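Architecture at a glance
Take a look at the letters that make up each chain.
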Amino acid sequence: MPLIDVTSPVTPSEIIYYHGDKFAPAGGLSRTEIILADKKVNTGKLAESMLAAAILANEATGAIQLQPQEKRGFLGLGSSTVLGIQLVQPLTWAEASLEADLYSIVYQGYGKQPFSVYDYVYHLWTQDKTNPWEEVISIVRWGLVRRNLLIAEEKRSLKIFVSYSYQISEDQRSWVSQIPIQPVQQLISNASIQPDKWKMLTREISKALHARQEKSESDFD
């Protein structure tokens, strides 16, 4: 039986969102509330864990293959080793999930060789973001909202600024709480015991998120 069930209405990255206290540490300047646990965890670590899970889940289900590849530098000068993503077979994930976004982005950019983990994360957006880590979590939240697995409540201040708080109904809480998290924990564990691959995966995720962070004028002083 496959470790990850692609037919599940909740994907591995979304399970991490619901059970973030099991996958990310507490603390940090930016923290995200975990609605099933009434706790807050480090936003950066949570986002990176969700991205890692989305990528590894696509590999575990046979949609992609991850393998080190040589990438030539600008104008062919020098080279570096990246964790390449090769398409293997089409796969349909839950709508608007990180897992579905991964397949779509890699498919659209497949003519670019090698397409890497860095490329995938970088191309989640078409422009830089103030906080890319929070934006990753927002992608997951709104995917759940679209599928009626999370409730978004709009808040307005000064009739101009809009923000959202997120809630879960008792029926949703009961149903989601019964989804096993062990397969996702095993997915992460299986990857982490391959130290070279795990290091490349997490390094490229982090590097791409930092590259997507908006630079202030002081950053260039």
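Summarised in this report is the structure supplied together with it.

**Description of the overall build of the protein**
- When you go through the protein residue by residue, the secondary structure sums to 8 helices and 6 strands.
- Each helix (α) and strand (β) of the protein, taken in turn from the N terminus, gives the series α-β-β-α-β-β-α-α-α-β-β-α-α-α.
- Taking 221 residues into account, the globule formula puts the C-alpha radius of gyration at 17 Å, and the protein, at 18 Å, falls close to it.
- Taken over 221 residues, the protein has a buried fraction of 46%.
- At a minimum sequence separation of 6, the contacts of the protein that also span at least 24 residues come to 61%.
- Taken as a whole, the protein presents about 12,000 Å² of accessible surface, with 51% of it coming from carbon and sulfur.
- Across the protein, the 22 positively charged side chains and the 25 negatively charged ones have centroids separated by 2 Å.

**Overview of the packing of aromatic side chains**
- In this structure the tally under the stated criterion is 5 aromatic pairs.
- Arranged with centres 5.8 Å apart and planes meeting at 55 degrees, the rings of Tyr-17 and Tyr-18 form a pair that is tilted. The exposure classification of Tyr-17 matches that of Tyr-18, with both residues buried.
- An angle of 90 degrees between the planes, with centres 5.1 Å apart, marks the rings of Trp-142 and Tyr-164 as edge-to-face. With Trp-142 in helix 5 (residues 132–146) and Tyr-164 in strand 6 (residues 161–167), this residue pair connects regions lying 22 residues apart in the sequence.
- Relative accessible area serves as the criterion here: at 36%, Tyr-164 is assigned to the partly exposed category.
- Positioned above the aromatic ring of Tyr-118, the side-chain terminus of Lys-207 is 5.8 Å from the ring centre.
- Its guanidinium or amino end placed over the ring of Tyr-122, Arg-212 lies 3.9 Å from that ring's centre, counting from NZ or CZ.

**Some details on the side chain of Arg-141**
- Checked against the element boundaries, Arg-141 lands in helix 5.
- Overall, the relative accessible area of 11% leaves Arg-141 in the buried class.
- Each residue touching Arg-141, except ones within four places of it in the same chain, is listed here: Tyr-17, Thr-32, Glu-134, Leu-150 and Tyr-166.

**With respect to the environment of Glu-170**
- Turning to its location among the elements, Glu-170 is positioned in helix 6 (residues 170–177).
- For Glu-170, a relative accessible area of 59% translates into the label exposed.
- Between the C-alpha atom of Glu-170 and that of Leu-56, which follows or precedes it by 114 residues, the distance is 31 Å.

**Concerning the nonpolar core**
- The biggest cluster of nonpolar side chains holds 63 residues, and the ones touching the most others in it are Tyr-18, Leu-98 and Tyr-120.
- Of the residues forming this core, the biggest block, 10 residues, is contributed by helix 2 (residues 43–60).
- Beyond its immediate chain neighbours, meaning those up to four positions away, Leu-98 contacts Ser-13, Met-50, Leu-51, Ala-54, Tyr-120, Leu-124, Val-136, Ile-139 and Val-140.

**Some thoughts on helix 2**
- Relative to the 26 Å expected for 18 residues at 1.5 Å per residue, helix 2 spans 25 Å between its end C-alpha atoms, a close match to the ideal helical length.
- Within helix 2, 15 of the 18 residues are buried, which leaves the element mostly enclosed by the surrounding structure.
- Looking at where helix 2 begins, the residue whose side-chain oxygen comes 3.0 Å from the main-chain nitrogen of Gly-44 is Asn-42.
- The first or second residue beyond helix 2 is Gly-62, which carries a positive phi of 90 degrees.

**A short note on the packing of helix 2 against helix 8 (residues 195–211)**
- Between helix 2 and helix 8, whose axes approach to 10 Å, the crossing angle comes to 125 degrees. It follows from the interaxial angle that helix 2 and helix 8 lie oblique. The hand of the helix 2/helix 8 crossing is right-handed. Here helix 2 contributes Glu-48, Leu-51, Ala-52, Ile-55, Leu-56 and Glu-59 to the contact with helix 8, which in turn contributes Lys-197, Trp-198, Leu-201, Ile-205, Ser-206 and Leu-209.
- Broken down by class, the residue content of the contact of helix 2 with helix 8 amounts to 8 nonpolar, 1 polar and 3 charged.

**Examining the pairing of strand 5 (residues 151–157)**
- As judged from the 7 bridges shared by strand 5 and strand 6, these two strands associate in the antiparallel manner. Paired with Glu-154 across the bridge in strand 6 is Tyr-164.

Cut-off values and rules
- Residues numbered from 1 in each chain as written.
- Predicted model: local features only at pLDDT ≥ 70, side-chain atom pairs only at ≥ 80, totals over all residues.
- Heavy atoms only, no water.
- Helix = DSSP H or I, 4+ residues; strand = E, 2+ residues; numbered from the N terminus.
- Rg over C-alpha atoms; globule rule 2.2 N^0.38 Å.
- Buried < 20%, exposed > 50% of the residue type's maximum accessible area, 1.4 Å probe, protein only.
- Contact = heavy atoms within 4.5 Å.
- Areas by Shrake-Rupley, 256 points an atom, 1.4 Å probe, with all protein chains shown as cover.
- Lys, Arg positive; Asp, Glu negative; His and termini not counted.
- Charge placed at Lys NZ, Arg CZ, Asp CG, Glu CD.
- Phe/Tyr/Trp six-rings, centres within 6.5 Å; stacked < 30°, edge-to-face > 60°.
- Lys NZ or Arg CZ within 6 Å of the ring centre and 35° of its normal.
- Core = buried A, V, L, I, M, F, W, Y, C linked by side-chain atoms within 4.5 Å.
- Expected span 1.5 Å × (residues − 1).
- Polar contact = N/O pair within 3.5 Å; in protein donor to acceptor, adjacent residues only side chain to side chain.
- Axes fitted to C-alpha atoms, helices over the stretch in contact; angles between N-to-C directions.
- Parallel < 35°, antiparallel > 145°, perpendicular 65-115°, else oblique.
- Left-handed = near helix turned anticlockwise from the far one by under 90°.
- Nonpolar A, V, L, I, M, F, W, Y, C, P; charged D, E, K, R; others polar.
- Pairing = 2+ DSSP bridges.

Just geometry here; none of it tells us what the structure is for.
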